[in-house]
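Here are the chains, one letter per residue:
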Amino acid sequence: MHELIYFGSPGFAETSRFCLELSGLEWKNTVVDWDGYMELKLQGELPWGFLPIIRTPDGVIAESNALLRYTGALAGLEPEDLFIRAKVDELVEVINGWREAFIPTFSIEDLDEKMAARKELFAEDGKMDRAMKAISKVFENSTTGWLANTESMTIADVKAFIDTFNLFSGEFDGVTGEMLANYPSLLAFHEKMSNEPKVKKYYDNDDQARWMYRPNAFDGIGTSQHI
Ligand SMILES: N[C@@H](CCC(=O)N[C@@H](CS)C(=O)NCC(=O)O)C(=O)O
C-alpha cells in the first residue's frame, strides 16, 4: 500500500493526495504535526529533509513534483505520448515556478507589509497577475478545456487546479478569492474541474481547509475589476 506523509494542510502534498485518490488504489493518508516531522527527520526517514514523502512498496519518494508524476501515472493522468507528456511537464514546471514569486513574501514579518507585497504581485502587471493571465491564455487556446489540450485530464490540470485555487483560499494574508474576478478563464476551469465526478466526490466533506476545491466555491465572483 502507498502511504503519503505530510502536514494536514494542502500545501505541497495535495496534488499527490488528489492523484492517489483518483487512482482508486488503497492508500494511507498519514498526517503529522511539527513534532512528527522532526521525529521522521531525526530518524533519517526524509531523503532531503522535507515533507511530503510517499512510502511505496519499492521505497520512499520525496519532492512534491516527483510525487505528482508518480501518483499521476498511478491515476492514469500521465499521457503515453512522450511529446505530449513533455508539454504537460512544461506546464507543471511553469505553474511550479510561480512559487519563486510568491514564497519570498512568507519571510516578511510585518503583516501590513506582507499583505501589501502580495497585493502588488496580483495588481495589474504584477508578477502573479502576469502568471495568472499567461495560464488563462493557455486555457483559452485549449479546444478541450484541459490545460495541455488533451482529450482528458492530466497532471497539468491537477497542478493548475490544486496550486492555483490554494493561493486564493484565504490562507495567505493579502490574497483573496475576489482577486479571481480578474481571471474569468480560471473560474471557468474551476467549474469544470470541481464538477468532475471523482473530484466532486473527493471534496464532498466538511474539511474547512479544502473549501476552494468544491463546486461553486467562488460563486459570486466574476466582475472584471481589480480590487
Ligand atoms: N522541494 C520540496 C519542498 C517541500 C517543503 O518545503 N516542505 C516543507 C513543508 S510545506 C517542509 O518540509 N518544511 C520543513 C522545514 O522547513 O524544516 C518539495 O517540493 O517537496
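Everything quoted here is computed from the prediction, not taken from an experiment.

Each value, and the rule that gives it
Residues numbered from 1 in each chain as written. Predicted model: local features only at pLDDT ≥ 70, side-chain atom pairs only at ≥ 80, totals over all residues. Heavy atoms only, no water. Helix = DSSP H or I, 4+ residues; strand = E, 2+ residues; numbered from the N terminus. Buried < 20%, exposed > 50% of the residue type's maximum accessible area, 1.4 Å probe, protein only. Contact = heavy atoms within 4.5 Å. Areas by Shrake-Rupley, 256 points an atom, 1.4 Å probe, with all protein chains shown as cover. Pairing = 2+ DSSP bridges. Axes fitted to C-alpha atoms, helices over the stretch in contact; angles between N-to-C directions.

1. As for the overall build of the chain
Here comes step 1: Within the chain one finds nine helices and four strands.
Here comes step 2: Seen in sequence order, the chain has helices and strands lined up from the N terminus as β-α-β-α-β-β-α-α-α-α-α-α-α.
Here comes step 3: Seen along its three principal axes, the alpha-carbon backbone of the chain occupies a region of about 50 × 45 × 35 Å.
Here comes step 4: Across the 227 residues that make up the chain, the buried fraction comes to 48%.
Here comes step 5: In the chain, 65% of the contacts between residues at least 6 apart in sequence involve partners at least 24 apart.
Here comes step 6: Carbon and sulfur atoms make up 52% of the accessible area of the chain, which totals about 11700 Å².

2. Points about the sheet that holds strand β4 (residues 59-62)
Here comes step 1: Pairing is mixed across the open sheet formed by four strands, whose spatial order is β2-β1-β3-β4. Edge strands, defined here as strands with exactly one partner in the open sheet, are β2 (27-31) and β4. Neighbouring strand axes in the sheet, compared pairwise and without regard to direction, differ in orientation by 20 degrees on average.
Here comes step 2: Alignment of strand β3 (residues 53-56) against β4, held across four bridges, turns out to be antiparallel. If you follow T56 over to β4, its bridge partner there is G59.

On their own, these measurements won't tell you what the molecule is for.
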